[in-house]
Amino acid sequence: MSKYADLVLQSNCVFTAAGEEPFAGFVAVAGSKILCVGHGAPDGAILGPNTRVLSLGDRTISPGFSDVHCFFTGYSVGFLGADLSACKTEAELVAAAKAYADTIPVGKSVLCHGWNAQEVPVSGTAPLDEAFGSRPAILFAQGCETCWMNSAALERYRFTPETCYPEAYVRLLPDILGDRDFIIPEFKKYMNMMNSRGVTSVKEMGFDRFYGFTDILAELEQAGELTLRVNFMSQPVAEEADLAYGRAMREKFTGEFVRFSGYNQMTDGSISQLCGDLKQPYNCADTCCAQNIDWDSLARQTRAADAEGFRFSLHAQGDAAIAKVLDIYETCRRDAQGRVINRHAITDLEFSDPRDLERMGAMGVIAEIYPQIQSIADREGKLAMISEKIGMERGRYYWNRRKMADSGVLLSCGTDLPLLIDDIPESVYHAVGGYFPEGGEPFNKQNMLTVTELLTAWTRGGAYNLSCEDTLGTLEPGKKADIAVLSGNLFTTAVEDSRNLKVDLTLVNGSIVYNAL
C-alpha cells in the first residue's frame, strides 16, 4: 500500500464502528484500503502530490452498510416488461400488455408490472385469455402483492393472484433469472440503487439453487463490474436444503465480492394473520399459531447443514418460534462456552420473550433485525392489531432490540427488500426514536437502541454476520475502504429529524461508486 493517500475524507463526525465515539478527524484511503484514521487534520506525510482531499463539514463518515436480508429476485419482479402504471382501465391494461407482447419473442411469457390494483379493477381471466390464448400472461400490481393472470399462466406457474409472493411463484423465477437481457441490466441498476443508500454489502436470498443467477454473479465479478459485495444464501422451497449445492458454491466462490453464506428458511408468519407461533394463545382466537410448521424438518436440515460447516438463518416472528429456533441451535455444534460454532442467526424477531433473548446472547446466535419495519405501519392500526391479537401487556415485548443489546446479542440489520428499501437515517427515526411514520408518541421507547448501537449493527454487526469482520465493517488501517458518507451529523441531528439526511458519497474498495456531493 502506498505511503501517500489517494483520497482523504475530513469531517467533524467520523464514526469508525470500532468502539470509539464519533470524532472530528479524517479517513485516508490508498488504493483499495484504509491507509490511516486520525483525529484532527491529516498528517502532511500522507499527502502526496496527487492526493485528493474532501472537506465534508458536519457530514457523517461511516463504514459502508451491510443489508443482511435481501431478495433481489423479488425486487426485480417490480420491473418486468411494460410499465402499466399509466393505465386507467382494464382495456388499457390489456392493450398495453398486447403492445408489449408484440415486441418480444412469441415463445416468451408476457410479464408486465405497475398495474394499480387499487384504482383499476379487473374482471377475471377472460380478457387476458382472449388477448393471449395459450401464451402465459401475468400483470403484476404495484408492490407485487397481487397480479392479474390468464389461464395459461395459472396452469404453467401454479400460483394465483391470492398467492402472489416469491415462494409461491418459484416456478416463474427460472424465466426471470434466465432472461439475461433483463436481469443483468436490472441487477446493475439494483447495485447502483443500493450504493446510493450507502450499502456496500448484502446477503441475498436465492431460492433453491438460485436458478443460474450465480453464473451471472461469477461473470460480473470476473469482469470487475460488481460494486456490491454479494453473500448469497440458498432458501429451500421446492426441496430440502441441498448440501451438495452448498459445497459446490463454497468451493466456487472464494473471491472478495461473491461468497456462499449458507441457508435460509422461514418458520412462522405474521402475528397480524395469526401465523406467528406464540407461547400463549392469541387473545382473539383459540390457537397459538394458525399455520402448520414442520419443526422436525427444520431441525433436521439445520443440523445437517451445521455438521458440514454451513450456517442457517431461520426467520421467526413469534415468541414460541424464537424459542424453538434456539432449541434447534442448541443441538448444533457449540464451543466450550456453549456458543454456536457456525454463525447461525434468527431473522425478524418481531415479538420475543426476554428470557429467550438472554439465551440467544449466551449462545452467540446473531439477530437480523428490521430497523425500518415501523415505516410500513401506522400507530393507530398497529396498536389496534397488537391489542386485538396479543394484548398490550405482551405487546411490551414488540421489537425489543434494547433487551437484545443488553443481553449481548450480536445485532445486524436487514430490510427483507423489497418489503423495505434501505434508508439508514430512516432506520434511526424508527429503531432509535420508536416513531411511526406520522410521528407523535414513540412506541415501546424502552425497547429502542442508541444511534451508536444501530449504526454499529448496520456496519460492524453486518460484517460479522457475513464473516467479513477482518476486512470490513470498521474504519481501521488495513481494512477495505468501503465507506459511506451521510449528508449531516447523524449523532447530533434530532432523532425526529433524522429522516432528512441522505447518503452523499459511497466508496467500495476505495473507488467512488456513488457521488451526490
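Structural notes, computed from the coordinates. (Residues numbered from 1 in each chain as written. Predicted model: local features only at pLDDT ≥ 70, side-chain atom pairs only at ≥ 80, totals over all residues. Heavy atoms only, no water.)

### A closer look at the overall build of the chain
Basically, it comes down to this: Segments assigned H or I by DSSP are reported as helices when at least four residues long, segments assigned E as strands when at least two residues long, and all are numbered from the N terminus. In this setup the radius of gyration rests on C-alpha atoms only. A globule is expected at 2.2 Å times the number of residues raised to 0.38. Between buried and exposed lies partly exposed: a residue is buried under 20% and exposed over 50% of the maximum accessible area for its type, with that area taken using a 1.4 Å probe on protein chains only. In this description, contact between two residues means that some pair of their heavy atoms is separated by no more than 4.5 Å. Here the open area of atoms and residues is found with the Shrake-Rupley method and a 1.4 Å probe, where only the protein chains shown may cover a residue. Counted as positive: Lys and Arg. Counted as negative: Asp and Glu. His and the chain ends are not counted at all. By convention, the charge on Lys lies at NZ, on Arg at CZ, on Asp at CG and on Glu at CD.
For the chain, the count of helices and strands is 16 helices and 19 strands. Taken over the C-alpha trace, the chain has a radius of gyration of 24 Å; the compact-globule value for 517 residues is 24 Å, and the two agree within 12%. In terms of its C-alpha atoms, the chain occupies a principal-axis envelope of roughly 75 × 55 × 50 Å. Each of the 517 residues in the chain was classed as buried or not, and the buried ones make up 57%. Across the chain, every contact between residues at least 6 apart in sequence was considered, and the portion connecting residues at least 24 apart equals 72%. Working note: accessible area of the chain is about 20000 Å², and carbon and sulfur atoms make up 48% of it. Of the charged side chains in the chain, 47 are positive and 68 negative, and the gap between their average positions amounts to 4 Å.

### Observations concerning unusual backbone geometry
Backbone geometry follows two general trends: most residues other than glycine have a negative phi, and most peptide bonds adopt the trans configuration. With an omega dihedral of 20°, the bond running from Leu417 to Pro418 counts as a cis peptide bond. Note on placement: Pro418 falls in the loop between β16 (411-413) and α15 (424-431). Residue Cys144 is not a glycine yet carries a positive backbone phi of 55°. By the secondary structure assignment, Cys144 is in the loop between β8 (137-141) and β9 (147-149).

### Overview of the sheet that holds strand β15 (residues 366-369)
Stated precisely, the cut-off is as follows: Two strands qualify as a pair provided that DSSP identifies no fewer than 2 bridges between them. The angle between two axes is taken between their N-to-C directions and runs from 0 to 180 degrees, where each axis is a line fitted to C-alpha atoms and a helix contributes only its stretch in contact.
One open sheet accounts for eight strands, arranged β6-β10-β11-β12-β13-β14-β15-β16; its pairing is parallel. The open sheet has two free edges, formed respectively by β6 (65-70) and β16, since each of these has just one partner strand. On average, adjacent strands in this sheet sit at an angle of 25° to one another, irrespective of strand direction. Here strand β10 (residues 199-207) pairs with strand β11 (residues 229-235) via seven bridges, running parallel.

### Details of the sheet that holds β9
What the three strands build is an open sheet, ordered β7-β8-β9; its pairing is mixed. Of all strands in the sheet, those bounded by a partner on one side alone are β7 (110-115) and β9. Ignoring strand direction, the axes of neighbouring strands in this sheet form an average angle of 15°. In this structure, β7 lies alongside β8, joined through four bridges in parallel fashion. Along β8, the bridge assignment pairs Leu111 with Ile138. Packed onto the sheet, helix α2 (residues 90-101) meets β7, β8 and β9 and runs at close to 140° relative to β7.

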